[in-house]
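Examination of the molecular architecture
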Amino acid sequence: MAIIEFLSREYGYVVLVLVFYCFLNLWMGAQVGRARKRYSVPYPTLYAIESENKDAKLFNCVQRGHQNSLEMMPMFFILMILGGMKHPCFCAGLGLLYNITRFFYFKGYSTGDPMKRLTIGKYGFLGLLGLMICTISFGVSLIRS
């Protein structure tokens with residue numbers, strides 16, 4: 001039980017926000033699977049070619065929304081895990097903001113108009129910036145202790 005003694009009780013919020021992101025990621029992956037069927041893009045094709053598929057842009061936008069979320073996931077996770085050790089409630093709030101903006105980023109991208117991903121999705125970077133600050137604060141406190 002040393003881990004439970006090391007981490008504050010509030011760190012549980014960090015854990016739950018990370019699991020919420022996992023569910024969001026699974027949902028996005030399912031949307032890509034549905035788009036594959038709808039737009040006739042077979043596996044293992046990652047992106048459709050416009051000259052071969054009239055719906056290529058629509059599929060590619062769905063795929064790209066999910067792919068971008070996968071690309072950002074490692075940074076989001078490490079910032080949540082480390083920053084949350086010192087600032088669990090604040091990081092959980094920032095992480096929830098990031099999750100919500102990721103949902104809207106994906107939904108906007110999935111319309112086929114890539115600019116719609118930024119309507120609400122652009123605010124996710126505020127969450128990441130806040131998480132970076134929390135993680136820097138954690139790192140500085142470790143050095144000073």
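On a predicted model such as this, the values are computed, not experimentally measured, just so you know. (Residues numbered from 1 in each chain as written. Predicted model: local features only at pLDDT ≥ 70, side-chain atom pairs only at ≥ 80, totals over all residues. Heavy atoms only, no water.)

Structural notes on the UniProt feature "transmembrane region" (unreviewed entry) in the protein
To be explicit about the condition: UniProt positions are given in the numbering used here, feature names are shortened, and annotations may be inferred rather than shown by experiment. The numbering of helices and of strands both runs from the N terminus, where a helix is a DSSP run of H or I of at least 4 residues and a strand a run of E of at least 2.
Per the UniProt annotation, the sites labelled "transmembrane region" (unreviewed entry) are residues 12–30, 76–100 and 120–143. Structurally, residues 76–100 comprises 96% helix and 0% strand, and the distance from its first C-alpha atom to its last is 13 Å.

So, a nonpolar patch on the surface
Using the following cut-off: Within this analysis, patches are made of residues with over 30% relative accessible area and no salt bridge. Like charges are joined at 9 Å or less; nonpolar side chains (Val, Leu, Ile, Met, Phe, Trp, Tyr) at 5 Å or less. Using a 1.4 Å probe, accessible areas were evaluated by the Shrake-Rupley method; residue-level cover was limited to the displayed protein chains. In what follows, salt bridge is the name for a side-chain nitrogen of Lys or Arg lying within 4 Å of a carboxyl oxygen of Asp or Glu.
Together, Phe20, Leu96, Leu97, Ile100, Phe104, Ile120, Tyr123 and Leu126 make up a nonpolar patch on the protein surface, roughly 680 Å² of accessible area in all. Relative to the helices and strands, isoleucine 100 is located in helix α4 (residues 88–109).

Re the packing of aromatic side chains
Our working definition: Planes of paired rings set the category: under 30 degrees apart is stacked, over 60 is edge-to-face and the rest tilted, where pairs are Phe, Tyr or Trp rings (Trp by its six-membered ring) whose centres lie within 6.5 Å. Exposure is judged per residue with a 1.4 Å probe applied to protein chains only, and the accessible area is read against the type maximum: over 50% gives exposed, under 20% gives buried, and values in between give partly exposed. For a ring to carry a charge above it, either NZ of a lysine or CZ of an arginine must fall within 6 Å of the ring centroid while also lying within 35 degrees of the normal to the ring plane.
All told, the structure shown has nine aromatic pairs when counted by the stated rule. Residues phenylalanine 103 and phenylalanine 104 carry aromatic rings whose centres are separated by 5.1 Å and whose planes lie at 80° to one another, so their mutual orientation is edge-to-face. We classify phenylalanine 103 as partly exposed; its relative accessible area is 29%. Ring centres of tyrosine 105 and tyrosine 109 lie 5.8 Å apart, and the angle between their planes is 80°; on these two criteria the pair is classed as edge-to-face. With tyrosine 105 and tyrosine 109 both in helix α4 and four residues apart, this pair spans about one turn of that helix. Considered together, tyrosine 105 and tyrosine 109 belong to a single accessibility category, that of buried residues. Through pairs of rings, three or more aromatic residues link up here, namely Tyr21, Phe76, Phe77 and Tyr98. In this structure, arginine 36 is placed above the aromatic ring of tyrosine 43, and the distance from its NZ or CZ to the ring centre is 4.2 Å.

Description of the pattern of salt bridges
Pairs may arise between side chains of opposite charge once their charged atoms sit close together. Per the stated rule, a full pass over the model turns up two salt bridges. The salt bridge partner of lysine 54 is aspartate 55, with a shortest N-O separation of 3.3 Å. We note a salt bridge from arginine 64 to glutamate 71, for which the minimum N-O separation is 3.0 Å.

Side note on the nonpolar core
As a rule of thumb, soluble globular proteins bury nonpolar side chains together. What counts is decided by this rule: Think of a nonpolar core as a cluster: buried Ala, Val, Leu, Ile, Met, Phe, Trp, Tyr and Cys residues, connected wherever their side-chain atoms sit within 4.5 Å. Any two residues having at least one pair of non-hydrogen atoms within 4.5 Å are treated as being in contact.
Counting residues in hydrophobic clusters, the biggest one holds 28 residues, and the most contacted among them are Tyr21, Phe59, Phe76, Met80, Tyr98, Leu128 and Leu131. Among the elements of the structure, α2 (11–38), α3 (56–86), α4 and α6 (124–144) are those that each provide at least two residues to this core. When residues of this core are assigned to their parent elements, the largest contribution, nine residues, is made by α2. If near-sequence neighbours (up to four positions away) are discounted, methionine 80 is found in contact with Tyr11, Val14, Val17, Leu18, Cys91, Ala92, Gly95 and Leu131.

Looking at the environment of phenylalanine 104
Note that phenylalanine 104 resides in helix α4. Judged by relative accessible area, which is 35%, phenylalanine 104 ranks as partly exposed. Leave out the neighbours within four places in its chain, and phenylalanine 104 touches Arg117, Ile120 and Gly121.

Here's the deal with the environment of leucine 128
Within the fold, leucine 128 resides in helix α6. Placed 56 residues apart in sequence, leucine 128 and methionine 72 show a C-alpha to C-alpha distance of 9.8 Å. If we ignore the near neighbours within four places in the chain, the residues touching leucine 128 are Met72, Met75, Phe76, Leu79 and Tyr98.

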